[in-house]
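Okay, here's what each chain looks like letter by letter:
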Amino acid sequence: MSKKKVSFRNPWTWVPTLYYAEGIPYVIVMTVSVIMYKRLGISNADIALYTSWLYLPWVIKPLWSPIVDILKTKRFWIVIMQLIIGAGLAGVAFTIPVPNFFQYTLAFFWLLAFSSATHDIAADGFYMLGLSKHDQAFFVGVRSTFYRFAMITGQGLLIILAGFFESSTGLPATGLMVHSSPQTENHQFINPGSLQIAELEGELRVVKSTDDLQLSTENLNKATADSIKNFVKEWNVSHKFYTVDETGSAKTVVADDQLNWLEIFIRNTFGVEKPPAPKGDETGNIGMIYFHLSKAPSADEMIAVTFGRESGDNSIELIEGIRFEFTDKNWNQPAIALVQLDPKLKEASSAYFEARAGNIPLAWVITFAILTGLFFLFFLYHKFI
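Residues numbered from 1 in each chain as written. Predicted model: local features only at pLDDT ≥ 70, side-chain atom pairs only at ≥ 80, totals over all residues. Heavy atoms only, no water.

Looking at unusual backbone geometry
Here's step 1: In this structure, Lys72 takes a positive phi of about 60° despite not being glycine.
Here's step 2: Among the secondary structure elements, Lys72 is positioned in the loop between helix H4 (65-70) and helix H5 (74-95).
Here's step 3: Positive phi is not limited to glycine here, since Lys240 has a value of about 60°.
Here's step 4: Considering the arrangement of structural elements, one finds Lys240 in the loop between helix H8 (222-238) and helix H9 (261-270). (Helix = DSSP H or I, 4+ residues; strand = E, 2+ residues; numbered from the N terminus.)

Brief notes about the packing of helix H1 (residues 15-39) against helix H7 (residues 133-168)
Here's step 1: Remark: H1 packs on H7, axes separated minimally by 7 Å, with the N-to-C direction vectors making an angle of 35°. Between H1 and H7 the crossing geometry is right-handed.
Here's step 2: Split into classes, the residues belonging to the contact of H1 with H7 amount to 19 nonpolar, five polar and four charged. (Axes fitted to C-alpha atoms, helices over the stretch in contact; angles between N-to-C directions. Left-handed = near helix turned anticlockwise from the far one by under 90°. Nonpolar A, V, L, I, M, F, W, Y, C, P; charged D, E, K, R; others polar.)

Structural notes on the confidence of the model for the chain
Here's step 1: In this model, the chain carries an average pLDDT of 83, and 87% of its residues clear a pLDDT of 70 or more.
Here's step 2: For the stretch residues 245-278, pLDDT sits under 50, and the model shows 42 contacts to residues farther than four places along the chain or on other chains. (pLDDT = per-residue confidence, 0-100. Contact = heavy atoms within 4.5 Å.)

Thoughts on the sheet that holds strand E9 (residues 323-326)
Here's step 1: Here five strands make up an open sheet; going across it, the order is E3-E1-E11-E7-E9 and the pairing mixed. The open sheet has two edge strands with one neighbour each: strand E3 (212-216) and E9. Strand-to-strand twist in this sheet, taken as the mean axis angle between neighbours without regard to direction, amounts to 25°.
Here's step 2: Across four bridges, the pairing between strand E7 (residues 303-312) and E9 is antiparallel. Each bridged residue has a counterpart across the sheet, and for Val305 the counterpart in E9 is Phe324. (Pairing = 2+ DSSP bridges.)

Some points on the sheet that holds strand E6 (residues 286-293)
Here's step 1: Here we have four strands laid out as an open sheet, ordered E2-E6-E10-E8, and antiparallel in their pairing. The sheet is open, and its two borders are formed by strand E2 (206-208) and strand E8 (316-320), each paired with just one other strand. Neighbouring strand axes in the sheet, compared pairwise and without regard to direction, differ in orientation by 30° on average.
Here's step 2: In the sheet, E6 pairs with strand E10 (residues 335-341) via six bridges, with the strands oriented antiparallel. Bridge pairing in E10 places Tyr290 opposite Ile336.
Here's step 3: The sheet strands contacting H8 are E6, E8 and E10, and the helix crosses E10 at an angle near 155°.

Looking at the packing of aromatic side chains
Here's step 1: Tallied over the full model, the rule gives 23 aromatic pairs.
Here's step 2: Ring centres of Tyr37 and Phe102 lie 4.9 Å apart, and the angle between their planes is 85°; on these two criteria the pair is classed as edge-to-face. Placement of Tyr37 in helix H1 and of Phe102 in helix H6 (residues 101-130) is noted, with a sequence separation of 65 residues between them. For the pair Tyr37 and Phe102, one class covers both residues: buried.
Here's step 3: Taken together, the ring pairs connect Tyr37, Tyr50, Phe102, Phe109, Trp364 and Phe368 into an aromatic cluster.
Here's step 4: The ring of Phe76 has Lys72 sitting right over it, with the charged end atom 5.4 Å from the ring centre. (Phe/Tyr/Trp six-rings, centres within 6.5 Å; stacked < 30°, edge-to-face > 60°. Buried < 20%, exposed > 50% of the residue type's maximum accessible area, 1.4 Å probe, protein only. Lys NZ or Arg CZ within 6 Å of the ring centre and 35° of its normal.)

Digging into the pattern of salt bridges
Side chains that differ in sign of charge can pair as their charged atoms come close.
Here's step 1: In the structure shown here, the tally under the stated rule is eight salt bridges.
Here's step 2: Two residues, Glu310 and Arg356, come together in a salt bridge whose shortest N-O distance is 3.2 Å. One end of the pair, Glu310, is in strand E7; the other, Arg356, is in strand E11 (residues 349-357), and 46 residues separate them in sequence.
Here's step 3: Given a relative accessible area of 40%, Glu310 falls into the partly exposed group.
Here's step 4: We note a salt bridge from Arg323 to Glu325, for which the minimum N-O separation is 2.6 Å.
Here's step 5: Overall, Glu325 belongs to the partly exposed group, its relative accessible area being 21%.
Here's step 6: Residues participating in the shared-partner salt-bridge network are Glu310, Glu354 and Arg356. (Salt bridge = Lys/Arg side-chain N within 4 Å of Asp/Glu carboxyl O.)

Overview of H8
Here's step 1: The end-to-end C-alpha separation of H8 is 24 Å, in line with the 24 Å expected for 17 residues at 1.5 Å each.
Here's step 2: Where H8 starts, the residue carrying a side-chain oxygen 2.8 Å from the main-chain nitrogen of Ala223 turns out to be Asn221.
Here's step 3: In the stretch just after H8, Lys240 is the one whose phi turns positive, near 60°. (Expected span 1.5 Å × (residues − 1). Polar contact = N/O pair within 3.5 Å; in protein donor to acceptor, adjacent residues only side chain to side chain.)

Digging into the nonpolar core
Here's step 1: Judged by nonpolar contacts, the single largest core of 52 residues is most densely connected at Ile28, Tyr37, Phe109 and Phe368.
Here's step 2: Listing elements by their share of this core, those giving two or more residues are H1, H5, H6, H7 and helix H10 (360-384). (Core = buried A, V, L, I, M, F, W, Y, C linked by side-chain atoms within 4.5 Å.)

In structure tokens form, the structure reads like this:
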């Protein structure tokens, strides 16, 4: 009676790919999901509350690890979990464009989390069974290295990829220069409520108030600066360009006639002569930049505009207006961004800022579609290797 021949695979053919595949879903669930939700406009409070629970499957995985040990083989669980992970990634990609995407994508992230934790159990068990003690010691560094490569892929390459798709889809990007100079006069603030914005000809695009913003290096009184910042935040919230501040706390919506920063600015600048401000009571000069759309988007469309510094002096900082949401209800209202100079900046300098209105949901759909294809390749490869 002939014995069945036992096939042997070189560990180099499966150890690196197995642990690379083990790390990818973990970093997607724990890191990439947070960045994606932030880009899609979910509040920090909701992101922190719901995504923190996604770590639970890794915490309690010892509870069902005996099931993985008893039922079927480690190889079976590895291959099936990679197939389910691919299906979960596809589910995220398909549900990003739908109206209630937050709830649906969270459900698929939960599926990814449980599948990934189960995959970890099976992969580590297969590693122990498939290698001799000598090979286990030799490949421990290899598996750790490729697991770290997976972390780098998720936290770096995937985010770069999504950013590339954001910048190459949607509306054209538009840029502007911000200059500082001791010779420049103080920035003239315009009451946004007085701006009359009409529909423009041509394709839908983002319109900015200036191509070149000149700011004086003369410092502002801190009370004046704070009043301007508060006004801008309240203006943006009241016109639904965003609904929460950077900490995730809801902002108070106020009527336009209550936003009296202009009165404070005039009083502090042109009022009765005051003694010099105490040391520490001044801050860097502030400039306003206004954005709106050239025409109304469709009724069910939301145009997300992101604004940020692309290059130049770090002493010229964006302090308000990282992301705006335009709809057919507020497209013809000015969204306000604030840039501020470092109070120590006393010389001529410049920085380049850019507003992008890429199709953010489409960018993440493409990113997760690529991940789906990657995991189906892992499934096929490990099924035979």
